[in-house]
Amino acid sequence: MIVIKNKVDKAYNHEPKRKYITLVIIITIFLIIEFIFYYNYFNYRVFVNDKPLMISRFATLHDAIKKSGIKVEPGDFVDIENKVIEKGKGGPIKYFIDFKNVSGKSKVKRMAEIFVVNGIDRMEPQEKIIIQIPFKYNIIGEGPYYEITRKGKLGRKLVNQGIISKKTKDEVILEEKVDCIIIKKRSKKDRMIALTFDDGPHKKYTPQILDILSDKKVRANFFVLGINAERNPELLKRIIKEGHMIANHSFSHTYLTKMNPEQIKGEIERTSQIVKKATGKGTTWLRPPGGSVDQKVINVAQLTKHRIIKWTVDPQDWRQSNHNILVSKIINTNSSGSIILLHDGGGNRQATVKALPTLIDKLLEEGYQLVTVDMMFSK
Ligand SMILES: [Zn+2]
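Just so it is clear, the structure is predicted and the values come from calculations on it, not from any experiment. (Residues numbered from 1 in each chain as written. Predicted model: local features only at pLDDT ≥ 70, side-chain atom pairs only at ≥ 80, totals over all residues.)

On to the sheet that holds strand β7 (residues 113-117). Read from one edge of the open sheet, 5 strands run β2-β1-β7-β5-β6, paired in mixed fashion. The open sheet has two edge strands, β2 (51-56) and β6 (100-102), and neither has a second partner. For this sheet the average axis-to-axis angle between neighbouring strands, irrespective of direction, equals 35 degrees. Across the sheet, helix α2 (residues 61-68) touches β1 (43-48), β2, β5 (94-97), β6 and β7, and the angle it forms with β2 is around 125 degrees. (Pairing = 2+ DSSP bridges. Helix = DSSP H or I, 4+ residues; strand = E, 2+ residues; numbered from the N terminus. Axes fitted to C-alpha atoms, helices over the stretch in contact; angles between N-to-C directions. Contact = placed C-beta atoms within 7 Å.)

Okay, here's the thing in C-alpha coordinates:
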(Lines give C-alpha, C1' and ligand atoms only; values in the text may rest on other atoms or scores of the structure.)
Protein backbone atom coordinates (compact mmCIF):
# COMPACT_ATOMS: atom_id res chain seq x y z
CA MET A 1 0.00 0.00 0.00
CA ILE A 2 2.69 2.29 1.03
CA VAL A 3 4.53 1.60 -2.21
CA ILE A 4 1.40 2.34 -4.23
CA LYS A 5 0.82 5.48 -2.33
CA ASN A 6 4.37 6.54 -2.97
CA LYS A 7 3.89 5.88 -6.66
CA VAL A 8 0.76 7.91 -6.72
CA ASP A 9 2.48 10.67 -4.82
CA LYS A 10 5.34 10.65 -7.26
CA ALA A 11 2.99 10.77 -10.17
CA TYR A 12 0.99 13.47 -8.56
CA ASN A 13 4.15 15.48 -7.95
CA HIS A 14 4.91 15.74 -11.75
CA GLU A 15 1.47 16.94 -12.70
CA PRO A 16 1.66 20.66 -11.56
CA LYS A 17 4.97 21.25 -13.44
CA ARG A 18 3.53 20.05 -16.72
CA LYS A 19 0.43 22.07 -16.16
CA TYR A 20 2.53 25.11 -15.48
CA ILE A 21 4.45 24.72 -18.73
CA THR A 22 1.25 24.20 -20.65
CA LEU A 23 -0.21 27.29 -19.06
CA VAL A 24 2.81 29.33 -19.97
CA ILE A 25 2.59 28.10 -23.54
CA ILE A 26 -1.08 28.91 -23.71
CA ILE A 27 -0.52 32.34 -22.25
CA THR A 28 2.36 32.97 -24.64
CA ILE A 29 0.31 31.90 -27.63
CA PHE A 30 -2.51 34.00 -26.35
CA LEU A 31 -0.20 36.97 -25.97
CA ILE A 32 1.21 36.49 -29.44
CA ILE A 33 -2.28 36.30 -30.85
CA GLU A 34 -3.26 39.33 -28.82
CA PHE A 35 -0.16 41.13 -29.96
CA ILE A 36 -0.88 40.28 -33.59
CA PHE A 37 -4.47 41.21 -33.07
CA TYR A 38 -3.68 44.49 -31.43
CA TYR A 39 -0.81 45.27 -33.80
CA ASN A 40 -3.15 44.78 -36.68
CA TYR A 41 -5.87 46.65 -34.91
CA PHE A 42 -3.70 49.68 -34.25
CA ASN A 43 -1.67 49.58 -37.48
CA TYR A 44 -2.77 49.74 -41.05
CA ARG A 45 -1.09 48.50 -44.10
CA VAL A 46 -1.35 51.12 -46.79
CA PHE A 47 0.42 51.94 -50.06
CA VAL A 48 2.12 55.25 -50.63
CA ASN A 49 2.95 55.85 -54.29
CA ASP A 50 2.77 52.05 -54.73
CA LYS A 51 5.13 51.22 -51.84
CA PRO A 52 3.67 49.25 -48.90
CA LEU A 53 3.85 50.90 -45.49
CA MET A 54 2.55 50.21 -41.96
CA ILE A 55 1.03 53.19 -40.22
CA SER A 56 -0.86 53.77 -37.01
CA ARG A 57 -4.63 53.67 -37.36
CA PHE A 58 -4.68 57.18 -35.94
CA ALA A 59 -2.24 58.56 -38.50
CA THR A 60 -3.32 61.22 -40.97
CA LEU A 61 -2.31 61.34 -44.58
CA HIS A 62 0.46 63.79 -43.64
CA ASP A 63 1.85 61.33 -41.08
CA ALA A 64 1.78 58.49 -43.59
CA ILE A 65 3.67 60.50 -46.18
CA LYS A 66 6.20 61.65 -43.61
CA LYS A 67 6.80 58.06 -42.55
CA SER A 68 7.15 56.92 -46.18
CA GLY A 69 10.10 59.26 -46.61
CA ILE A 70 8.72 60.53 -49.92
CA LYS A 71 9.74 64.16 -50.47
CA VAL A 72 7.05 66.35 -51.94
CA GLU A 73 6.89 70.11 -52.20
CA PRO A 74 4.37 72.73 -53.19
CA GLY A 75 4.95 74.40 -56.57
CA ASP A 76 6.94 77.61 -56.95
CA PHE A 77 5.92 80.99 -58.26
CA VAL A 78 7.99 81.27 -61.44
CA ASP A 79 8.72 83.83 -64.11
CA ILE A 80 8.11 83.51 -67.83
CA GLU A 81 11.40 81.58 -68.20
CA ASN A 82 10.47 79.20 -65.37
CA LYS A 83 13.02 80.75 -62.99
CA VAL A 84 11.79 80.81 -59.39
CA ILE A 85 10.53 84.17 -58.16
CA GLU A 86 9.19 82.87 -54.83
CA LYS A 87 9.76 79.34 -53.60
CA GLY A 88 6.71 77.37 -52.47
CA LYS A 89 4.26 80.04 -53.65
CA GLY A 90 2.86 77.95 -56.48
CA GLY A 91 0.15 75.28 -56.42
CA PRO A 92 -0.25 73.07 -53.27
CA ILE A 93 0.89 69.46 -52.90
CA LYS A 94 -1.82 67.13 -54.28
CA TYR A 95 -3.00 64.15 -52.27
CA PHE A 96 -5.05 61.26 -53.55
CA ILE A 97 -6.56 58.33 -51.66
CA ASP A 98 -7.92 55.61 -53.89
CA PHE A 99 -7.70 58.08 -56.76
CA LYS A 100 -9.79 60.72 -55.03
CA ASN A 101 -8.30 64.14 -54.42
CA VAL A 102 -8.28 64.68 -50.65
CA SER A 103 -6.76 67.01 -48.07
CA GLY A 104 -3.49 66.22 -46.32
CA LYS A 105 -5.29 65.99 -43.00
CA SER A 106 -7.54 63.18 -44.16
CA LYS A 107 -7.76 59.93 -42.24
CA VAL A 108 -6.34 56.88 -43.93
CA LYS A 109 -8.17 53.58 -44.20
CA ARG A 110 -6.67 50.14 -44.11
CA MET A 111 -5.15 49.14 -47.46
CA ALA A 112 -5.64 52.66 -48.78
CA GLU A 113 -3.76 53.53 -51.95
CA ILE A 114 -2.20 56.87 -51.38
CA PHE A 115 -0.71 59.00 -54.10
CA VAL A 116 1.06 62.23 -53.45
CA VAL A 117 2.51 64.57 -56.08
CA ASN A 118 4.40 67.86 -56.08
CA GLY A 119 2.39 71.05 -56.43
CA ILE A 120 2.54 72.59 -59.89
CA ASP A 121 4.45 75.81 -60.51
CA ARG A 122 2.44 78.99 -60.96
CA MET A 123 3.67 81.37 -63.65
CA GLU A 124 3.66 85.14 -63.31
CA PRO A 125 0.95 86.96 -65.29
CA GLN A 126 1.95 88.01 -68.81
CA GLU A 127 0.92 90.59 -71.33
CA LYS A 128 1.47 90.99 -75.04
CA ILE A 129 3.44 94.09 -75.93
CA ILE A 130 5.21 95.51 -78.96
CA ILE A 131 8.88 96.34 -78.48
CA GLN A 132 11.54 97.81 -80.72
CA ILE A 133 14.39 95.80 -82.20
CA PRO A 134 17.63 97.83 -82.10
CA PHE A 135 19.72 97.93 -85.25
CA LYS A 136 23.48 97.56 -85.53
CA TYR A 137 26.02 99.98 -86.90
CA ASN A 138 28.36 98.40 -89.41
CA ILE A 139 31.37 100.67 -89.76
CA ILE A 140 33.73 99.83 -92.59
CA GLY A 141 36.59 101.48 -94.45
CA GLU A 142 39.40 103.81 -93.41
CA GLY A 143 39.04 107.57 -93.53
CA PRO A 144 38.18 110.68 -91.56
CA TYR A 145 34.59 111.11 -92.76
CA TYR A 146 31.89 108.85 -91.33
CA GLU A 147 29.51 108.70 -94.26
CA ILE A 148 26.18 107.08 -93.52
CA THR A 149 25.46 105.12 -96.68
CA ARG A 150 22.42 103.36 -95.27
CA LYS A 151 20.35 104.67 -92.41
CA GLY A 152 19.50 102.23 -89.67
CA LYS A 153 15.88 101.50 -88.88
CA LEU A 154 14.43 100.02 -85.73
CA GLY A 155 12.41 96.84 -86.12
CA ARG A 156 9.29 95.92 -84.13
CA LYS A 157 8.28 92.68 -82.51
CA LEU A 158 5.33 91.37 -80.56
CA VAL A 159 6.35 89.59 -77.37
CA ASN A 160 4.90 88.09 -74.21
CA GLN A 161 6.27 89.97 -71.24
CA GLY A 162 6.22 88.79 -67.64
CA ILE A 163 4.54 91.57 -65.65
CA ILE A 164 6.83 91.04 -62.66
CA SER A 165 10.13 89.91 -64.21
CA LYS A 166 9.77 92.07 -67.36
CA LYS A 167 11.39 89.20 -69.26
CA THR A 168 10.07 88.53 -72.72
CA LYS A 169 9.52 85.47 -74.93
CA ASP A 170 7.56 84.16 -77.89
CA GLU A 171 8.65 86.79 -80.36
CA VAL A 172 6.73 87.55 -83.49
CA ILE A 173 8.60 89.91 -85.78
CA LEU A 174 6.28 92.60 -87.07
CA GLU A 175 8.94 94.60 -88.87
CA GLU A 176 12.57 93.64 -89.53
CA LYS A 177 15.30 96.03 -88.40
CA VAL A 178 17.67 97.56 -90.94
CA ASP A 179 21.31 97.88 -89.88
CA CYS A 180 23.07 101.19 -90.42
CA ILE A 181 26.04 101.13 -92.75
CA ILE A 182 28.77 103.73 -92.32
CA ILE A 183 31.73 103.97 -94.62
CA LYS A 184 34.74 105.84 -93.28
CA LYS A 185 35.87 107.79 -96.33
CA ARG A 186 38.75 109.87 -97.45
CA SER A 187 38.12 112.55 -100.05
CA LYS A 188 39.02 111.39 -103.54
CA LYS A 189 39.21 114.93 -104.85
CA ASP A 190 42.56 115.61 -106.35
CA ARG A 191 45.08 117.80 -104.54
CA MET A 192 42.76 119.12 -101.90
CA ILE A 193 43.74 119.62 -98.29
CA ALA A 194 41.74 120.87 -95.33
CA LEU A 195 43.40 122.74 -92.50
CA THR A 196 41.32 122.39 -89.34
CA PHE A 197 41.67 124.36 -86.11
CA ASP A 198 40.12 122.91 -82.95
CA ASP A 199 39.20 124.17 -79.47
CA GLY A 200 38.78 127.89 -80.33
CA PRO A 201 37.85 130.49 -81.04
CA HIS A 202 40.59 132.14 -79.04
CA LYS A 203 40.86 135.91 -78.59
CA LYS A 204 44.58 135.96 -79.27
CA TYR A 205 45.37 133.12 -81.68
CA THR A 206 42.27 132.94 -83.88
CA PRO A 207 42.65 136.51 -85.24
CA GLN A 208 46.34 135.87 -85.94
CA ILE A 209 45.46 132.69 -87.83
CA LEU A 210 42.68 134.48 -89.75
CA ASP A 211 45.16 137.20 -90.75
CA ILE A 212 47.57 134.64 -92.15
CA LEU A 213 44.83 132.76 -94.02
CA SER A 214 43.60 136.04 -95.45
CA ASP A 215 47.09 137.04 -96.47
CA LYS A 216 47.67 133.71 -98.22
CA LYS A 217 44.15 133.71 -99.68
CA VAL A 218 43.35 130.19 -98.51
CA ARG A 219 40.42 128.65 -96.69
CA ALA A 220 40.38 126.70 -93.45
CA ASN A 221 38.00 125.12 -90.94
CA PHE A 222 37.34 126.09 -87.34
CA PHE A 223 35.98 123.37 -85.05
CA VAL A 224 34.75 125.59 -82.26
CA LEU A 225 33.82 124.81 -78.70
CA GLY A 226 30.47 126.27 -77.67
CA ILE A 227 31.97 127.59 -74.45
CA ASN A 228 34.53 129.67 -76.42
CA ALA A 229 32.18 130.54 -79.28
CA GLU A 230 29.72 132.05 -76.81
CA ARG A 231 32.34 134.54 -75.63
CA ASN A 232 33.60 135.40 -79.14
CA PRO A 233 30.66 135.98 -81.48
CA GLU A 234 32.66 138.58 -83.43
CA LEU A 235 35.29 135.99 -84.25
CA LEU A 236 32.60 133.60 -85.48
CA LYS A 237 31.30 136.31 -87.78
CA ARG A 238 34.76 137.06 -89.09
CA ILE A 239 35.50 133.36 -89.77
CA ILE A 240 32.38 133.06 -91.95
CA LYS A 241 32.86 136.44 -93.59
CA GLU A 242 36.34 135.45 -94.71
CA GLY A 243 35.08 132.27 -96.39
CA HIS A 244 36.05 129.64 -93.85
CA MET A 245 33.91 126.95 -92.33
CA ILE A 246 32.76 126.68 -88.72
CA ALA A 247 32.14 123.19 -87.38
CA ASN A 248 31.02 121.76 -84.08
CA HIS A 249 33.50 120.47 -81.51
CA SER A 250 30.95 120.15 -78.64
CA PHE A 251 30.19 122.73 -76.00
CA SER A 252 32.45 121.75 -73.13
CA HIS A 253 35.03 119.42 -74.73
CA THR A 254 33.83 116.48 -72.65
CA TYR A 255 34.25 113.11 -74.37
CA LEU A 256 30.83 112.48 -75.86
CA THR A 257 31.20 108.72 -75.46
CA LYS A 258 31.07 109.27 -71.70
CA MET A 259 27.70 111.02 -71.90
CA ASN A 260 24.13 109.87 -72.34
CA PRO A 261 22.29 110.69 -75.60
CA GLU A 262 20.46 113.65 -74.07
CA GLN A 263 23.71 115.20 -72.88
CA ILE A 264 25.39 114.60 -76.25
CA LYS A 265 22.44 116.25 -77.98
CA GLY A 266 22.75 119.20 -75.61
CA GLU A 267 26.48 119.59 -76.34
CA ILE A 268 25.95 119.59 -80.10
CA GLU A 269 22.79 121.68 -80.29
CA ARG A 270 23.89 124.33 -77.81
CA THR A 271 27.07 124.96 -79.81
CA SER A 272 25.21 124.98 -83.12
CA GLN A 273 22.74 127.54 -81.76
CA ILE A 274 25.54 129.84 -80.60
CA VAL A 275 27.08 129.68 -84.08
CA LYS A 276 23.70 130.26 -85.70
CA LYS A 277 23.02 133.26 -83.47
CA ALA A 278 26.29 134.89 -84.51
CA THR A 279 26.45 133.88 -88.17
CA GLY A 280 22.89 133.02 -89.19
CA LYS A 281 23.76 129.40 -89.90
CA GLY A 282 24.16 126.47 -87.53
CA THR A 283 26.82 123.79 -87.76
CA THR A 284 26.56 120.65 -89.91
CA TRP A 285 29.90 118.97 -89.23
CA LEU A 286 30.90 117.47 -85.90
CA ARG A 287 34.31 116.49 -84.63
CA PRO A 288 33.77 114.80 -81.26
CA PRO A 289 36.41 115.81 -78.67
CA GLY A 290 39.37 113.45 -78.79
CA GLY A 291 37.85 111.90 -81.93
CA SER A 292 35.99 109.67 -79.52
CA VAL A 293 33.08 108.10 -81.40
CA ASP A 294 30.71 105.27 -80.63
CA GLN A 295 27.28 104.18 -81.85
CA LYS A 296 25.56 106.53 -79.42
CA VAL A 297 27.51 109.52 -80.74
CA ILE A 298 26.85 108.49 -84.36
CA ASN A 299 23.16 108.16 -83.60
CA VAL A 300 22.87 111.59 -81.96
CA ALA A 301 24.97 113.20 -84.70
CA GLN A 302 22.50 111.77 -87.19
CA LEU A 303 19.52 113.03 -85.17
CA THR A 304 20.99 116.53 -84.95
CA LYS A 305 21.88 116.43 -88.68
CA HIS A 306 25.62 116.55 -88.19
CA ARG A 307 28.20 114.70 -90.23
CA ILE A 308 31.17 113.30 -88.33
CA ILE A 309 34.65 114.17 -89.50
CA LYS A 310 37.93 113.30 -87.80
CA TRP A 311 41.39 113.90 -89.31
CA THR A 312 44.11 112.12 -91.22
CA VAL A 313 47.21 114.05 -90.08
CA ASP A 314 47.84 114.79 -86.42
CA PRO A 315 51.16 116.60 -85.93
CA GLN A 316 50.32 117.09 -82.23
CA ASP A 317 50.85 120.86 -82.51
CA TRP A 318 49.82 121.28 -78.86
CA ARG A 319 52.99 119.41 -77.83
CA GLN A 320 55.29 121.18 -80.23
CA SER A 321 57.12 124.43 -79.43
CA ASN A 322 59.36 124.36 -82.53
CA HIS A 323 57.40 125.55 -85.53
CA ASN A 324 59.91 124.17 -88.07
CA ILE A 325 59.53 120.66 -86.71
CA LEU A 326 55.79 121.12 -86.85
CA VAL A 327 55.92 122.12 -90.54
CA SER A 328 58.13 119.19 -91.55
CA LYS A 329 55.95 116.76 -89.57
CA ILE A 330 52.91 117.85 -91.57
CA ILE A 331 54.62 118.03 -94.96
CA ASN A 332 56.13 114.57 -94.54
CA THR A 333 52.82 112.87 -93.73
CA ASN A 334 50.65 114.92 -96.01
CA SER A 335 48.93 113.79 -99.18
CA SER A 336 45.85 114.57 -101.27
CA GLY A 337 42.66 114.40 -99.23
CA SER A 338 44.44 115.10 -95.95
CA ILE A 339 42.57 116.66 -93.07
CA ILE A 340 45.20 118.31 -90.90
CA LEU A 341 44.47 118.63 -87.20
CA LEU A 342 45.71 121.86 -85.62
CA HIS A 343 44.56 123.94 -82.64
CA ASP A 344 43.75 127.64 -82.22
CA GLY A 345 42.48 127.28 -78.65
CA GLY A 346 43.05 125.30 -75.48
CA GLY A 347 46.57 126.49 -74.64
CA ASN A 348 49.64 128.26 -76.00
CA ARG A 349 49.32 128.04 -79.78
CA GLN A 350 52.31 130.21 -80.68
CA ALA A 351 54.09 127.40 -82.51
CA THR A 352 51.02 126.68 -84.62
CA VAL A 353 50.61 130.35 -85.58
CA LYS A 354 54.30 130.65 -86.36
CA ALA A 355 54.33 127.46 -88.48
CA LEU A 356 51.31 128.45 -90.52
CA PRO A 357 52.78 130.82 -93.21
CA THR A 358 55.55 128.37 -94.12
CA LEU A 359 53.18 125.45 -94.01
CA ILE A 360 50.68 127.14 -96.34
CA ASP A 361 53.44 128.22 -98.74
CA LYS A 362 54.82 124.68 -98.94
CA LEU A 363 51.39 123.14 -99.51
CA LEU A 364 50.59 125.68 -102.23
CA GLU A 365 53.99 125.05 -103.81
CA GLU A 366 53.16 121.36 -103.97
CA GLY A 367 50.02 122.26 -105.88
CA TYR A 368 47.46 121.68 -103.16
CA GLN A 369 44.29 123.66 -102.82
CA LEU A 370 43.36 124.52 -99.22
CA VAL A 371 39.62 124.07 -98.85
CA THR A 372 36.77 123.73 -96.42
CA VAL A 373 35.60 120.27 -95.35
CA ASP A 374 32.31 121.04 -97.11
CA MET A 375 34.14 121.55 -100.42
CA MET A 376 36.19 118.44 -99.91
CA PHE A 377 33.17 116.20 -99.50
CA SER A 378 30.67 117.95 -101.77
CA LYS A 379 29.31 115.73 -104.48
ZN1 LIG B 1 39.65 119.37 -79.10
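For the bond from Gly 200 to Pro 201, the omega torsion is -5 degrees, close enough to zero to count as cis. Summarising the element assignment, Pro 201 is placed in the loop between β15 (192-198) and α3 (205-216). Residue Asp 50 is not a glycine yet carries a positive backbone phi of 75 degrees. Among the structural elements, Asp 50 can be located in the loop between β1 and β2. Overall, the presence of 8 C-beta atoms within 10 Å leaves Asp 50 in the exposed class. The backbone phi angle of Arg 191 is positive, close to 50 degrees, even though this residue is not glycine. With respect to the element layout, Arg 191 can be found in the loop between β14 (180-185) and β15. (Buried ≥ 20, exposed ≤ 12 C-beta atoms within 10 Å, placed from the backbone.)

The next point concerns α3. With 12 residues, α3 should cover 16 Å at 1.5 Å per step; its first-to-last C-alpha distance of 17 Å lies within 8% of that length. Taken together, the buried positions of α3 are occupied by Tyr 205, Thr 206, Ile 209, Leu 210 and Leu 213. Buried residues of α3, viewed axially, fall in a sector of 130 degrees; they line one side. At the exit of α3 stands Lys 217, carrying a positive phi of roughly 55 degrees. (Expected span 1.5 Å × (residues − 1). Arc of directions from axis to C-beta.)

All right, on to the domain arrangement of the chain then. With domains assigned, the chain is organised as domain 1 (43-71 + 91-120), domain 2 (128-184) and domain 3 (187-376). For domain 1 and domain 2, the distance between their C-alpha centres works out to 56 Å. (Domains from an automatic or database assignment.)

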